[in-house]
Amino acid sequence: MTKRSGNVGAGVAIALLIALPAAAQTGQSAPGYKAPVISDTGRLKGPRQPIFFRHDIHVGQDQIPCLYCHNTVTISSEPGIPALQTCFGCHQLIGGSTPSHQAEIKKVREAFLTKKQPEWVRVHALPGFVHFPHQRHIKVLGTDACVTCHGDVRTMPQVYQFATLKMGWCVNCHVQRNVSRDCTLCHY
Amino acid sequence: MDRRRFLTVLGATGGAAAAASACDIGPEPTEHLVPYVVPPENQVPGIATYYATTCRECAAGCGLHAKVREGRVIKLEGNPESPINQGRLCSRGQAALQGLYNPDRVTDPMARGANGQWQKLTWDDAVGRLQAQVKQARGKGIAFVTGLESGSFGELVDAWMKEIGGRHVTYEPFAFEALREGNRIAFGTAAIPSYDFASARYILSFGADFMETWLSPVGYQNAFTRAHAFEAGRDGSMAKFVYVGPRLSLTGMSADEWIVPKPGTEFMLALAMASVILTERLAPPPPDALRLQHLLPGPERIAGSVGVEAGKIQRLARDFAASKGGLAVAGGIAAQYGSGALLVAAANVLNYVAGQVGKTVKFGPNHALEAAGSFKHLADLVADMRAEKISLLLVHGANPGHSLPAAFSEALGHVGYKVSLASYWHETAAAADLVLPDFHPLEQWNDSRPQAGVYALQQPVMQPVFPNTRHAGDVLLQVAGKSGGFKDYLQTRWRALHVRYGHGRSFEDFWNDALQHGGIYSEAPAQTVRLGPEISRLMGGAADTSLQLTTLIVFPSVALHDGRGAKSFPIRSRKSPGTAGWRCIPTPRPSGSSPTATSYSSSRPMERCVRPSGSRRVSARTSSRSPRGRDTRRTADMRRTDPSMPSSS
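Rules of the game
Starting afresh in each chain, residues are numbered from 1 along the sequence in its written order. Here the convention is simple: chains get letters from A, ligands get numbers from 1, in the order in which they are written. In view of the model being predicted, local features appear only for residues whose pLDDT reaches at least 70, and side-chain atom pairs are presented and counted only at 80 or more, with totals across whole chains, interfaces and linings using the full set of residues. Heavy atoms from the whole structure form the basis of all side-chain values; hydrogens and water molecules are not counted. A run of H or I in DSSP counts as a helix once it spans at least four residues, and a run of E counts as a strand once it spans at least two, with each numbered from the N terminus. Here's how the labels work: a residue is buried when its accessible area is under 20% of the maximum for its type, exposed when over 50%, partly exposed in between, all with a 1.4 Å probe on protein chains only. Following DSSP output, two strands are said to pair if at least two bridges run between them. Here, axes are lines fitted to C-alpha atoms. For helices the fit covers the stretch in contact, and angles between N-to-C directions go from 0 to 180 degrees. Throughout, a contact is declared for two residues whenever any of their heavy atoms are within 4.5 Å. A simple way to read buried area is as the amount of 1.4 Å-probe accessible surface that goes missing from two parts once joined, with both sides added. Classification used: nonpolar for Ala, Val, Leu, Ile, Met, Phe, Trp, Tyr, Cys and Pro, charged for Asp, Glu, Lys and Arg, polar for all others including Gly. Polar contact is defined as a pair of N or O atoms within 3.5 Å, subject to the rule that within protein one atom must be able to donate a hydrogen and the other to accept it, and that residues adjacent in sequence are counted only when both atoms are side-chain atoms. Nonpolar side chains (Val, Leu, Ile, Met, Phe, Trp, Tyr) within 5 Å and like charges within 9 Å form the patches, drawn only from residues with over 30% relative accessible area and no salt bridge. Note on areas: these come from Shrake-Rupley sampling with a 1.4 Å probe, and a residue is covered only by the protein chains present in the view. Just to be clear on terms, a salt bridge is a Lys or Arg side-chain nitrogen sitting within 4 Å of an Asp or Glu carboxyl oxygen. Should an angle lie under 35 degrees it is considered roughly parallel, over 145 roughly antiparallel, and from 65 to 115 roughly perpendicular; all remaining angles are considered oblique. Cavity means a closed set of points on a 1 Å grid over the protein atoms alone, one where a 1.4 Å probe fits but cannot get out, pocket means an open set with protein on both sides within 12 Å along at least 5 of 7 lines, and lining means a residue has an atom within 4 Å of a point. Grid points are joined across faces, edges and corners, and a volume is the space filled by probe spheres set on the points. For every residue, the predictor reports its confidence as pLDDT, a number between 0 and 100.

Colleague: For this particular structure, what's the right way to read the environment of Pro 263 of chain B?
Modeller: All names here are of chain B. Mapped onto the fold, Pro 263 is located in the loop between strand 12 (257-259) and helix 10 (266-279). The class for Pro 263 is buried, based on a relative accessible area of 3%. For the pair Pro 263 and Thr 551, spaced 288 residues apart in the sequence, the C-alpha separation amounts to 7.0 Å.

Colleague: Help me understand the sheet that holds strand 11 (residues 240-244) of chain B, please; the structure alone is not making it clear to me.
Modeller: Two orientations exist for strands paired in a sheet by backbone hydrogen bonds: parallel and antiparallel. All names here are of chain B. Strand order across the open sheet formed by 4 strands is 12-11-10-13, with parallel pairing between neighbours. Across the chains shown, the open sheet's two edge strands, defined by having one partner strand only, are strand 12 and strand 13 (326-330). Averaged over all neighbouring strand pairs, the angle between strand axes comes to 15°, with direction disregarded. In the sheet, strand 10 (residues 202-206) pairs with strand 13 via 5 bridges, with the strands oriented parallel.

Colleague: Hey, could you run me through the pairing of strand 3 (residues 63-69) of chain B in this one?
Modeller: Every other side chain in a regular strand lies on the same face of the sheet, so the side chains alternate between the two faces. All names here are of chain B. In this sheet, strand 3 lies alongside strand 2 (residues 49-54) in antiparallel orientation, the contact comprising 6 bridges. Directly across from Ala 52, in strand 3, lies its bridge partner His 65. Linking strand 3 back to strand 4 (residues 72-78) in an antiparallel pair, the connection comprises 2 residues, with Glu 70 at a positive phi of about 50°.

Colleague: Is there a simple way to think about the interface of chain B and chain A in this case?
Modeller: Where interface size is given, it is often the accessible area lost as the parts come together that is meant. Taken residue by residue, the interface counts 15 residues in chain B and 22 residues in chain A. Note on chain B versus chain A: buried area summed over both sides is about 1700 Å², and carbon and sulfur give 68% of it. On the chain B side of the contact with chain A, Leu 33, Pro 35 and Val 37 of chain B bury the most area, a combined 39% of that side's loss. Split into classes, the residues belonging to the side of chain B that touches chain A amount to 11 nonpolar, 3 polar and 1 charged.

Colleague: In this structure, what is going on with the side chain of Thr 213 of chain B? I would like to understand it.
Modeller: All names here are of chain B. Structurally, the position occupied by Thr 213 is in the loop between strand 10 and helix 8 (217-227). Exposure remark for Thr 213: the relative accessible area of 4% places this residue in the buried category. Polar side-chain contacts of Thr 213 include one of 2.7 Å to the side chain of Asp 209. Contacts of Thr 213, omitting those with residues within four sequence positions, involve Phe 174, Phe 176, Pro 556, Ser 557, Val 558 and His 561.

Colleague: Sorry, what's going on with a nonpolar patch on the surface here?
Modeller: Residue and element names in this part refer to chain A. Together, Met 167, Val 171 and Val 175 make up a nonpolar patch on the protein surface, roughly 260 Å² of accessible area in all. Relative to the elements of secondary structure, Val 171 occurs in helix 9 (residues 167-176). On the basis of relative accessible area, Val 171 is assigned to the partly exposed category, the value being 31%.

Colleague: Please clarify how the pattern of salt bridges should be interpreted in this entry.
Modeller: Once the charged atoms of two side chains with opposite charge are near each other, the side chains can pair. The full count for this structure, using the stated rule, is 30 salt bridges over all chains. Residue Asp 40 of chain A pairs with Arg 43 of chain A through a salt bridge whose shortest N-O separation is 3.5 Å. Given a relative accessible area of 74%, Arg 43 of chain A falls into the exposed group. Salt-bridge contacts for Glu 149 of chain B lead to Arg 56 of chain B; the nearest nitrogen and oxygen are separated by 3.3 Å. On the criterion of sequence distance, the pair formed by Glu 149 of chain B in the loop between strand 7 (142-146) and helix 6 (152-164) and Arg 56 of chain B in the loop between strand 2 and strand 3 is long-range, its members being 93 residues apart. Under the relative-accessibility criterion, Arg 56 of chain B is labelled buried at 19%.

Colleague: Is there a simple way to explain the packing of helix 19 (residues 486-501) of chain B against helix 20 (residues 507-517) of chain B in this structure?
Modeller: Each pair of packed helices can be described by the angle between their axes along with the distance between the axes. Residues and elements named next belong to chain B. Axis separation between helix 19 and helix 20 bottoms out at 10 Å; the angle between their running directions is 100°. What the angle tells us is that helix 19 and helix 20 run roughly perpendicular. Counting all contacts with helix 19, which are made through Leu 490, Gln 491, Trp 494, Arg 495, Leu 497, His 498 and Tyr 501, the residues of helix 20 involved are Phe 507, Phe 510, Trp 511 and Ala 514. Partitioned by chemical class, the residues of the contact of helix 19 with helix 20 number 8 nonpolar, 2 polar and 1 charged.

Colleague: Looking at this structure, how should I read empty space enclosed by the protein?
Modeller: Left-over empty space is what a probe sized like a water molecule reveals as it rolls over the atoms. Residue and element names in this part refer to chain B. A complete count under the given rule lists 14 cavities of 30 Å³ or more for this structure. Volume-wise, the largest cavity comes out at about 810 Å³. Taken together, 41 residues line the largest cavity, and the ones lying closest to its centre are Arg 56, Gly 397, Ala 398, Arg 564 and Lys 567. Those elements giving two or more residues to the lining of the largest cavity turn out to be helix 15 (400-403), strand 16 (417-422) and strand 18 (446-451). Across the lining of the largest cavity, the residue classes break down as 16 nonpolar, 16 polar and 9 charged.

Colleague: Sorry, what's going on with the confidence of the model for chain B here?
Modeller: If pLDDT is low for a region, its predicted coordinates should not be looked at in detail. All names here are of chain B. Taken residue by residue, chain B gives an average pLDDT of 83. The fraction at 70 or more is 83%. Of the regions scoring below 50 in pLDDT, residues 15-26 engages in 9 contacts with residues more than four places distant in sequence or in other chains. Every residue in residues 581-649 is under pLDDT 50, and counting partners more than four places away or in other chains gives 146 contacts. Across the interfaces of the predicted complex, the ipTM metric reaches 0.82, alongside a pTM of 0.80.

Listed below in structure tokens is the structure:
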């Protein structure tokens, strides 16, 4: 954290740190995980995104809670894709420690300032005839349960589809936890 | 795989093959997620937000709840708090969304160049041109035609016209002139009272289509439904509804009894009923009504001219009085002959002698349409236009080029400079020199006063669909050189209401509360009315039984209203009730043509039928073969005179 905000005056950084997520503010180094340096992005699993956003750095190393960005997951069926404003909230200070990080963060800043949103490639998509209300699952399983369906995003440099998201996979979990398998539960 | 994709594959490969190889058709097409730059306020993806606003599809002013998902309004419903519509909404109100997202909307300011071609302008240029024209036209005749604007926008136009020496003409095609004139004859006030259908026990409608277009159809429908139903806590009977008129409209079809007098003689029927009530003392007569007793024509005298037996008239009168909750309304197709105002006055006399004025007919909470301009103002304007006394004409919220006879369109040619503040390429916009794209009512700040005591607020429920459109109020303020936008203007006016209705709250609290509820709903004090001095005119009219041989009956369309419904495709393809299978057929735009006024003219606002006044039965089928001609001809004219309409893209 301190290393990556090195190009900003320390006093300014402290004053503005209030705006940063809780885990990032503490400045603690991640206890168990250090995000690797990626030299060959072509070998990564998952679709290539317009900006190389690294969940492993943000969630794994910096321990930013999922809900900091996907903040409607507990109240809405949609988890919410963070607005560029959310990115810019931190990245107007944090410029990146390596040239490759700096290049990606520059893209974020430009996107915000020119109001040209990146078009993220959707990784987890369900067909239109299925409804998956995020908020109900989070309510039952807790806010750390994202990994159940999305895999351990904390270690994913590039997010890929972890579960099949097919009906059998859904029903399997519903059977194990003995919750309703009514057709209209999801197909309505 | 979604249904559409499945059907595509099915079509391409045949059913069996698709069913067998459903898993082999490859992955779903890549979806993209586009984040917000700055998330909109009060919006949670996946959860709808509701805003209260006001419907502007007709002059009734129903309250709306707009359902907004991800910053887009997706559904409108009635606002249950609004006393106008009590949570209900008609199909035209529902279809307001079709107007909002209409691809034929005007997207940029446009001006007609020297060669007649339309060209896009920047807003600075457009406002500059208008300012220059206003400067030039000062003292040479400026006129501003608007629809009914009973709120701040109307006041802004009034104030501006006063400042630059112009005149403001409000024009509503359904302005209910006969209603206002009839009330003036009967009671000396041209107000349109509130009709309490809900507590009426016997409803008598002389041609008033109160379930379709008459004044405030949504509220009346709702109230009628309650009156015409068995309800706990009331005596066991439901209200009776008798419809008097030559055509069985949707309203007529809901009646318990249909009386068909000769067209143009309905007022005699009403007077004869009043006469029966007075002579038989069926209700305690108001003291000033007694002098009418010997003036009113008895049922025997007029039965022949009206074509309804005297016994039937007596029965109607006795039932009306005995119900102790009679309500006679008059309007619509029965009030459009020369005797229209007399009919309204006669219905008023009937209500009056039955002691119902002040009960089911309440003066005080009057309808906003009392402020609409009269056709005389409009005729004067057209005469002045033709005499080249108008050098600058501005039109907003009205389409006189479509709903007025061709004389208006011809007179337009004599006007120096024509400006249309319009959302659509309708006939008037197409004939203008400068077109300034206005916000849709769902995108703008505004207010209106649909009924005395009701102050309905409009707030933008979403960002403008077309970013280069502007609120006409903002444009006028800019042209007039005033600082601030229309919202500030509106709030300034609401500060006066804050003094009256604020109850000690801060203005911000008061304003937010009004926004949340859709406005301020207060009770207007009741007014007592007495028979006016001109009532003897009515008796003179009753003696005149000379009638035309053929009567033209023009009736409004429940779907298209005065023609403004034509912009919405669902409305145009909607079945027109009560037309016996015959209706206007929506004409799709010829492919490849630009969105022009012609696409709107093709559906007519009114359906016409002609029948001889002597015939007894209405045959919609035979009568409906009547003239379709005029609008089509006007459409053709428009096409000739405006060969170069711009494409909105």
